[in-house]
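Overview (structure and organization)
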Amino acid sequence: MGIKMETKLEGLVGKVVSVLATDGRNFVGTLKSFDQAMNIILSNCSERIFSETQPVVNESMGAYIIRGDHVCVIGEVDLEQDSKVDYEKIRAAPANAIPHTT
């Protein structure tokens with residue numbers, strides 16, 4: 001049997017994570033807390049806004065709450081690798097929204 005999602009998220013508390021939301025937005029921040037509904041709280045959060053014609057924009061959000069039903073993917077950021085990325089040179093289409101069905 002696999003590891004419970006709560007157990008995996010507990011291991012990410014206090015670490016910098018990247019969150020892909022169901023509307024296609026990408027948030028990066030320190031995971032401070034989460035609850036049983038998978039609502040998450042990020043500190044020092046920024047939204048990475050991608051464009052095919054402009055460099056990536058890191059829009060500072062401060063502390064930010066993302067509802068659990070809007071979280072599509074969450075993962076730890078490798079800070080060493082992330083620091084090597086030149087976001088000024090990246091041009092990419094924003095991620096598409098991910099349809100949510102019940």
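Right, let's walk through the structure included here. (Residues numbered from 1 in each chain as written. Predicted model: local features only at pLDDT ≥ 70, side-chain atom pairs only at ≥ 80, totals over all residues. Heavy atoms only, no water.)

For the rest of this paragraph, the subject is the environment of alanine 92. Position of alanine 92 relative to the elements: it lies in the segment after α2 (79-83). Separated by 39 residues in sequence, alanine 92 and threonine 53 place their C-alpha atoms 7.8 Å apart. Aside from chain neighbours lying at most four places away, what touches alanine 92 is Phe50, Ser51 and Glu52. (Helix = DSSP H or I, 4+ residues; strand = E, 2+ residues; numbered from the N terminus. Contact = heavy atoms within 4.5 Å.)

Among the 9 residues in strand β2 (residues 26-34), 7 count as buried, and that is most of the element. Between the antiparallel neighbours strand β1 (residues 16-21) and β2 lie 4 residues, among them glycine 24 with a positive phi of about 95°. In this structure, β2 lies alongside strand β3 (residues 40-49), joined through 7 bridges in antiparallel fashion. The residue bridging serine 33 from the neighbouring strand is isoleucine 41, located in β3. Between β2 and the antiparallel strand that follows it, β3, lie 5 residues; methionine 38 among them carries a positive phi value of about 65°. (Buried < 20%, exposed > 50% of the residue type's maximum accessible area, 1.4 Å probe, protein only. Pairing = 2+ DSSP bridges.)

Here we take up the pattern of salt bridges. For the coordinates displayed, the defined rule picks out 5 salt bridges. Residue arginine 67 is joined to aspartate 69 by a salt bridge in which the shortest nitrogen-to-oxygen separation is 2.9 Å. With a shortest N-O distance of 3.8 Å, lysine 84 and glutamate 80 are connected by a salt bridge. (Salt bridge = Lys/Arg side-chain N within 4 Å of Asp/Glu carboxyl O.)

If you look at the biggest cluster of nonpolar residues, it comprises 12 residues: Leu9, Leu12, Val17, Val19, Ala21, Phe27, Leu31, Phe34, Ile40, Leu42, Cys45 and Ile66. Contributions of two or more residues to this core are made by β1, β2 and β3. (Core = buried A, V, L, I, M, F, W, Y, C linked by side-chain atoms within 4.5 Å.)

All right, on to the pairing of β1 then. Of the two faces of β1, the one holding Val17, Val19 and Ala21 is buried and the one holding Val16, Ser18 and Leu20 is not buried anywhere. In this structure, β1 lies alongside strand β5 (residues 71-76), joined through 5 bridges in antiparallel fashion. By the bridge assignment for β5, alanine 21 is matched with valine 71.

All right, on to the sheet that holds β1 then. In space, the 5 strands of this open sheet follow the order β4-β3-β2-β1-β5, with antiparallel pairing throughout. Where the open sheet ends on each side, the last strands, each with one partner, are β4 (57-66) and β5. Averaged over all adjacent pairs, the angle separating strand axes in this sheet is 30°, with direction ignored. (Axes fitted to C-alpha atoms, helices over the stretch in contact; angles between N-to-C directions.)

On to the side chain of serine 43, then. Considering the arrangement of structural elements, one finds serine 43 in strand β3. When near neighbours in sequence (up to four residues on either side) are disregarded, serine 43 contacts Gly29, Thr30, Lys32, Gly62 and Ala63.

So, on to unusual backbone geometry. We note that methionine 38 has phi near 65°; this positive angle belongs to a residue other than glycine. Here methionine 38 shows up in the loop between β2 and β3. Residues other than glycine seldom take positive phi values, yet asparagine 44 does so here, at roughly 50°. If you trace the backbone, asparagine 44 turns up in strand β3. Residue classification places asparagine 44 among the exposed residues on the basis of a relative accessible area of 65%.

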